[in-house]
Number of protein chains: 2
Amino acid sequence: MFESAELGHRIDKKTFRAEVPPLREALLDAQFDLHENGQFPVVILISGVDGAGKSETINVLYEWMDPRFLSTLAFSTPTDEERERPYMWRFWRALPPKGRIGIFAGSWYSTPIAERIRGDLSRGDLDQRMDQINRFEAMLVNEGALVLKFWFHLSRESQRQRLKSLEKDPRTAWRVTKESWARLKTYGKLQEAAGHVLRMTNTPWAPWIVVEGTDDRYRSLTVGKIVLDALQKRLADTRDQNFPVAPPIAQKIDSLDVLTALDLSLKLEKKDYETQLAKWQGRLSELVRRPEFRNHSLILAFEGSDAAGKGGSIRRVTAALDARQYQIVPVAAPTEEERAQPYLWRFWRHIPRNGRVAIFDRTWYGRVLVERVEGFCAEADWLRAYTEINDFEHELHEDGAIVVKFWLQISDKEQLRRFKEREKIAFKRFKITEEDWRNREKSPAYHAAVCDMVDRTSSGMAPWTLVEADDKCYARVKILRTVCERLEQVLDPDKTRNRKD
Amino acid sequence: MFESAELGHRIDKKTFRAEVPPLREALLDAQFDLHENGQFPVVILISGVDGAGKSETINVLYEWMDPRFLSTLAFSTPTDEERERPYMWRFWRALPPKGRIGIFAGSWYSTPIAERIRGDLSRGDLDQRMDQINRFEAMLVNEGALVLKFWFHLSRESQRQRLKSLEKDPRTAWRVTKESWARLKTYGKLQEAAGHVLRMTNTPWAPWIVVEGTDDRYRSLTVGKIVLDALQKRLADTRDQNFPVAPPIAQKIDSLDVLTALDLSLKLEKKDYETQLAKWQGRLSELVRRPEFRNHSLILAFEGSDAAGKGGSIRRVTAALDARQYQIVPVAAPTEEERAQPYLWRFWRHIPRNGRVAIFDRTWYGRVLVERVEGFCAEADWLRAYTEINDFEHELHEDGAIVVKFWLQISDKEQLRRFKEREKIAFKRFKITEEDWRNREKSPAYHAAVCDMVDRTSSGMAPWTLVEADDKCYARVKILRTVCERLEQVLDPDKTRNRKD
């Protein structure tokens, strides 16, 4: 992996002076185009061994480009807001929007590599992390991002010399710390771990660029040219980035599917309803106050046909919670800042801290429901979304989030009845719009989309609960009970196990 | 303050049942209007003594209104990201956007009241805090917000009874903690501190609404009706909210002002420039690495005429910094999410943590410069902005931020020369636009605006530095030197004092 970066590359002063001005001009031009017309963000990862010129390179990029549209994010110790959320949250919130360049000094690779060197991460776990990272980067690229991953390399001897010369110069001496020298001792371990990581994540969509770090001029010129080249190519690429890539969804042979299999006649009598409601609300309010819950968060995802009763169900859940503990996130059209980011970004920004609850009224599944049916995104986009969503939920789960997903299903007849009823009542917010009627006509397309969604994204850690919602009482109690049971499984594993016996 | 809230208000079940349905319907309608057409946010503060029904009231609001457009923010222990920024930062980031209702469970009042009760805050300091809060709320209201401040009151005896009955019910017992009982003991102190705070902040633009908390039905109905009434009135108020309120700016009698007084012929020879630049850059890079700087942050604000050299100056500053330590914030047109907030919000969101540097390329002064000159906001708005900006910077200063503000001034002749030069060169980003030429024609208006700005916002804690910028070398060194000196004043107060002796 590092062979070409130990050859002793050097650029003399004269060549450097001749090459830099046209390069800077071209970089500024390309950056200007990116800012004015570029419908994509640029993510630059700066990593490598200490002393190989990571911060020098960032400074060069700032000098050569327009610093107003660059941002640099350093990731040292996570803040408590970051620690209480999934590992990737801090990176998501640092992603540059379209038209801008984000430089990551340290990245999602830093912790796994450091943990591996310290021996805190097994080879198997490391590989799993790298697999997740590959999928994350694929998502970024599919969402339009240009991802450039630089690794600055030094041989052990060059590193020793670099550190010495940095230490000599009073202007740079501060950058050489005890840790720098300590890391020289673990040089071999770093090379081994990094080599493995780089090989595992050297994907066609986000390949590593290994640069020899010994000579400042060589390194700066190399990085500058690579950034320019990548920018220019991407700006000139007018192809539609969205082309169908995924296998077709299976055809239906009979009328039996996860939705038609539901028994929509299920009912709960008023009297039973009130008892059950009180019981499960009481249980829920007790569960979220458990000390163990402080190490978890609860994420409720509500999807369902129009008028299926999402709002009413959500209110029955929140009645059991302290308003200071939860947020309801109504999902409507994305804002301008959200549109400038990968589609999952606007959900990441609402991921709750530990000990808290987030309730999504419509969710990230919009991608494979409304966007698929209405053609708001390309086929390739919603097809890849299933995997991306699974990855997203997996990450939430790994961090201790309890993800509970509901699809509220009502019959065509019941929906019609509710629409008509709504037309009569006065609450403005219940007014039926043209769109609601139009959506009804598309119900076969939605039906197929829901079935695919359930098949492809119901996982052990984040299963779908399909809710028979023709009877509101039945639906509400089923939802509350499901939330409680999922919470108990996590907070009270022994009790749950015993109960099953 | 609390007399009317100790009268034993009660609402019987029958009245309550009759009144709630039409109230809910009207609330939902008003909330729908707010969401669809309301160009303002609603800020509801829920405060008062323990057991007086704060969280019950929030739950009632959630039950009666559409919870998707409500958000509740609780403010307990600040996170480290919050602790390392000014006190008000956590409230700014929680402000609801236009069209939404934000419920604050705890607010900017909580800490001052608690500190006063504990004896950590003198009466004088408390009054100063209340004055700041009044100005903050005035700003919110001037920016269009509807601010409703509720205080739930209980007599000492009622509080004891409420706590007892909460404790008896297993569903609410968890809410009564040791602290609740401890607070009963400090009841008198709370009444005294709160009474004083409420009187001081009972402003015409954001008056307190004191509600007796003993009877649930009375309390719920009162709050519901007040919220409805306030919403309806504000929605029906079609008057232009922006009317001129401030005194006129003084007329100029002669041609002498802070700008014409500048000696734009000041120069620095190339050779001196390089020595000086290296000297101050070295000093700056040393200063921001001082351990003492970790308790401060550095905020650089750059304003100046077009082509005055802001970009070049910023690059000379950043060359002395580690890219991981600073962010450049280029200020262009606000985004959709920013437009839905008070105009200072988009600057608050970029306020750096301690130990970090934020460089604003154009700033919050846009309000009193371009927005004033181009008529983008009403006269009343930019007139009140001077005070609001002073308050903003005062708050930054109080938290330890070092605010350094530069106005770069160039002569008309030099600007023309630079424009023509730019027209010749190839860098796209330096292309002169129609707008640049148009701005030149407005230069007298800008001139007046700059003079007013300096007069009204140059304070001891955040003075303006006017930079003679016809000579770029002179300007850059003056800027770097000023930044260093301001840093030294704070980080090295003794040394600075000695030097002056």
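Residues numbered from 1 in each chain as written. Chains lettered and ligands numbered in written order. Predicted model: local features only at pLDDT ≥ 70, side-chain atom pairs only at ≥ 80, totals over all residues. Heavy atoms only, no water.

### Considerations on the overall build of chain A
We apply this condition: For helices the rule is a DSSP run of H or I covering at least 4 residues; for strands it is a run of E covering at least 2, with both sets numbered from the N terminus onward. Residue contacts are counted whenever heavy atoms from the two residues lie within 4.5 Å of one another. Using a 1.4 Å probe, the Shrake-Rupley method yields the accessible areas, and only the shown protein chains count as cover for residues. The convention is simple: Lys and Arg are positive, Asp and Glu are negative, and His and the chain ends are not counted. Just so you know, the charge point we use is NZ for Lys, CZ for Arg, CG for Asp and CD for Glu.
Helix and strand counts for chain A stand at 21 helices and ten strands. Each of the three principal axes of chain A carries a C-alpha extent, and together these read 85 × 50 × 45 Å. Of the contacts formed within chain A by residues at least 6 apart in sequence, a portion of 81% connects residues at least 24 apart. As displayed, chain A has an accessible area near 22,600 Å², and 51% of this comes from carbon and sulfur atoms. Charge separation in chain A, taken as the distance between the mean sites of 82 positive and 77 negative side-chain charges, equals 3 Å.

### Digging into the sheet that holds strand 7 (residues 326–330) of chain B
Either a parallel or an antiparallel arrangement is found when strands of a sheet pair, and the pairing is made through backbone hydrogen bonds. Residues and elements named next belong to chain B. Note the following rule: The criterion for strand pairing is that DSSP finds at least two bridges linking the strands in question. Only C-alpha atoms enter the line fits that serve as axes; for helices the fit covers just the stretch in contact. Angles between N-to-C directions range over 0 to 180 degrees.
Taken together, five strands build an open sheet; the order of strands is 7-8-6-9-10 and the sheet is parallel. Lying at the two open borders of the sheet, with one neighbouring strand each, are strand 7 and strand 10 (464–468). Ignoring which end each strand starts from, the neighbouring axes of this sheet average 20 degrees apart. Of the strand pairs in this sheet, strand 9 (residues 401–409) and strand 10 are connected by five bridges, and their pairing is parallel. Paired with Trp-407 across the strands is Leu-466, a residue of strand 10. Most of the contacts of helix 19 (residues 443–457) go to strand 10, to which it runs at about 145 degrees, and overall it touches strand 9 and strand 10. Sheet strands in contact with helix 20 (residues 472–491) are strand 6 (297–304), strand 9 and strand 10, and its direction is about 160 degrees off that of strand 9.

### As for the pairing of strand 3 (residues 101–105) of chain B
Residue and element names in this part refer to chain B. In plain terms, the rule: The rule is simple: take the accessible area with a 1.4 Å probe, protein chains only, and divide by the maximum for that residue type; under 20% is buried, over 50% is exposed, in between is partly exposed.
Of all five residues that make up strand 3, five are buried, and the element is covered over most of its length. Here strand 3 shows two buried faces, one formed by Ile-101, Ile-103 and Ala-105 and the other by Gly-102 and Phe-104. Pairing geometry for strand 2 (residues 70–74) and strand 3, over five bridges, is parallel. When the bridges of strand 3 are listed, Ser-71 appears paired with Gly-102.

### Overview of the relation of the copies chain A and chain B
Stated precisely, the cut-off is as follows: The least-squares superposition of copies is restricted to C-alpha atoms, and to residues with a pLDDT of at least 70 in both copies.
The transform that puts chain A on chain B rotates by 180 degrees and translates by 0.0 Å along the axis, for an RMSD of 0.1 Å. These values place the two chain copies in the arrangement generated by a two-fold rotation axis. Counting the interface residues of chain A, we find that 100% of their copies in chain B are interface residues as well, pointing to one common contact surface.

### Brief notes about the environment of Asn-202 of chain B
All names here are of chain B. To be explicit about the condition: Counting of polar contacts relies on pairs of N or O atoms within 3.5 Å, with two restrictions inside protein: one atom must be capable of donating a hydrogen and the other of accepting it, and residues adjacent in sequence are counted only when both atoms are side-chain atoms.
Examined against the element boundaries, Asn-202 turns out to sit in the loop between helix 9 (187–200) and strand 5 (208–212). Sequence separation of Asn-202 and Asn-134 is 68 residues, and the distance between their C-alpha atoms is 8.7 Å. A distance of 2.7 Å separates a polar side-chain atom of Asn-202 from the backbone nitrogen of Trp-208.

### Re the sheet that holds strand 10 (residues 464–468) of chain A
Residue and element names in this part refer to chain A. Strand order across the open sheet formed by five strands is 7-8-6-9-10, with parallel pairing between neighbours. Across the chains shown, the open sheet's two edge strands, defined by having one partner strand only, are strand 7 (326–330) and strand 10. Across the sheet, the mean angle from the axis of one strand to that of its neighbour is 20 degrees, orientation sign disregarded. Inspection of the sheet shows strand 6 (residues 297–304) paired to strand 9 (residues 401–409) by eight bridges, in the parallel sense. Within strand 9, the position partnered with Ser-297 by the bridge is Ala-401. Sitting on the sheet, helix 19 (residues 443–457) is in contact with strand 9 and strand 10, with an inclination near 145 degrees to strand 10.

### A closer look at the packing of helix 6 (residues 123–142) of chain A against helix 16 (residues 379–398) of chain A
All names here are of chain A. So the rule is basically this: Throughout this description, any angle smaller than 35 degrees is read as roughly parallel, any larger than 145 degrees as roughly antiparallel, any in the 65 to 115 degree range as roughly perpendicular, and the remainder as oblique. In this scheme the crossing of two helices becomes right-handed for a clockwise turn of the near helix relative to the far one and left-handed for an anticlockwise turn of less than a right angle. Put simply, Ala, Val, Leu, Ile, Met, Phe, Trp, Tyr, Cys and Pro go in the nonpolar bin, Asp, Glu, Lys and Arg in the charged bin, and everything else, Gly too, in the polar bin.
Relative to each other, helix 6 and helix 16 sit at 135 degrees, their axes nearing to 11 Å. One element, helix 6, and the other, helix 16, form an angle in the oblique class. Remark: the crossing between helix 6 and helix 16 carries left-handed chirality. Taking contact as the criterion, the partners of Gln-132, Arg-135, Met-139 and Asn-142 in helix 6 are, on helix 16, Arg-384, Thr-387, Glu-388, Asp-391, His-394 and Glu-398. Partitioning the contact of helix 6 with helix 16 into residue classes produces one nonpolar, four polar and five charged.

### Things to note about the side chain of Thr-57 of chain B
Topologically, Thr-57 of chain B is positioned in helix 2 (residues 54–64). Non-local contacts of Thr-57 of chain B, meaning those with residues more than four positions away in its chain, are made with Ile-46, Phe-152, Arg-219 and Val-223 of chain B.

### A closer look at the interface of chain A and chain B
Here is the rule: Two parts lose some accessible area (1.4 Å probe) when they are put together, and adding that loss for both gives the buried area. When a carboxyl oxygen of Asp or Glu lies within 4 Å of a side-chain nitrogen of Lys or Arg, that pair is called a salt bridge.
Every contact between the two is made by 50 residues of chain A and, on the other side, 50 residues of chain B. For the pair chain A and chain B, the two sides together bury roughly 4,900 Å², of which 53% comes from carbon and sulfur. Arg-349 of chain B serves as the salt-bridge partner of Glu-337 of chain A, at 3.0 Å between the closest nitrogen and oxygen. At the surface where chain A touches chain B, the tally comes to twelve residue pairs in polar contact (both at pLDDT 80 or more). Of the residues that constitute the side of chain A that touches chain B, the class distribution is 18 nonpolar, seven polar and 25 charged.

### Some thoughts on unusual backbone geometry
Residue and element names in this part refer to chain A. Although it is not a glycine, Ala-307 sits at a positive phi angle of roughly 65 degrees. Within the fold, Ala-307 resides in the loop between strand 6 and helix 12 (310–318). By relative accessible area, Ala-307 is classed as buried at 9%.

### What to know about the packing of helix 11 (residues 270–287) of chain A against helix 20 (residues 472–491) of chain A
All names here are of chain A. At a minimum axis separation of 9 Å, helix 11 and helix 20 run at an interaxial angle of 30 degrees. Considering their axes alone, helix 11 and helix 20 lie roughly parallel with respect to each other. The two elements helix 11 and helix 20 meet at a crossing, and its hand is left-handed. Residues Tyr-273, Gln-276, Leu-277, Trp-280, Gln-281, Arg-283, Leu-284 and Leu-287 of helix 11 touch helix 20, and the partners they reach there are Cys-473, Arg-476, Val-477, Leu-480, Arg-481, Val-483, Cys-484, Glu-485, Leu-487, Glu-488 and Leu-491. Here the residues of the contact of helix 11 with helix 20 sort into twelve nonpolar, two polar and five charged.

### Regarding the pattern of salt bridges
By the definition in use, this model includes 82 salt bridges over all chains. Across the pair Arg-129 of chain B and Glu-115 of chain B runs a salt bridge whose closest N-O atoms are separated by 3.9 Å. Placement of Arg-129 of chain B in helix 6 (residues 123–142) and of Glu-115 of chain B in helix 5 (residues 110–118) is noted, with a sequence separation of 14 residues between them. Three or more residues joined by partner-sharing salt bridges are found here, namely Glu-143, Arg-367, Glu-371, Asp-381, Arg-384 and Glu-388 of chain A.

### Notes on helix 19 of chain A
Residue and element names in this part refer to chain A. Filter applied, for reference: The span expected for a helix works out to 1.5 Å for each residue beyond the first.
Compared with the 21 Å implied by 1.5 Å per residue over 15 residues, the 21 Å span of helix 19 between its first and last C-alpha is a close match. Listing the buried residues of helix 19 in full gives Tyr-446, Ala-449, Val-450, Cys-451, Asp-452, Met-453, Val-454 and Thr-457. In the core, the buried residues of helix 19 are packed alongside helix 15 (370–374), helix 16, strand 9, helix 18 (434–441) and strand 10.

### Comments concerning the environment of Arg-116 of chain A
Residue and element names in this part refer to chain A. Relative to the elements of secondary structure, Arg-116 occurs in helix 5 (residues 110–118). The exposure class assigned to Arg-116 is partly exposed, which follows from its relative accessible area of 24%. Along the primary structure Arg-116 and Lys-310 are separated by 194 residues, whereas in three dimensions their C-alpha atoms are 45 Å apart. Not counting chain neighbours up to four residues away, the residues in contact with Arg-116 comprise Leu-121, Ser-122, Arg-123, Leu-126 and Ala-193. A distance of 2.9 Å separates the side chain of Arg-116 from the backbone oxygen of Leu-121, its partner in a polar contact.

### Some words on the environment of Ala-307 of chain A
With 162 residues separating them in the primary sequence, Ala-307 of chain A and Ala-469 of chain A have C-alpha atoms 9.8 Å apart. If near-sequence neighbours (up to four positions away) are discounted, Ala-307 of chain A is found in contact with Ile-410, Arg-418, Phe-419 and Arg-422 of chain A.

### Section: the nonpolar core
What counts is decided by this rule: For the purposes of this section, nonpolar cores are sets of buried Ala, Val, Leu, Ile, Met, Phe, Trp, Tyr and Cys residues that join through side-chain atoms within 4.5 Å.
With 148 residues, the main nonpolar core has Leu-284, Ile-359 and Leu-487 of chain A together with Trp-108, Phe-150, Val-227 and Trp-364 of chain B as its most contacted residues. If we skip the residues at most four places from it in the chain, Phe-150 of chain B touches Ile-44, Leu-45, Ile-46, Ser-47, Trp-208, Ile-209, Val-211, Val-223, Ile-226 and Val-227 of chain B. Phe-40 and Val-147 of chain A together with Phe-293 and Tyr-326 of chain B belong to the second largest nonpolar core, which has 147 residues in total.

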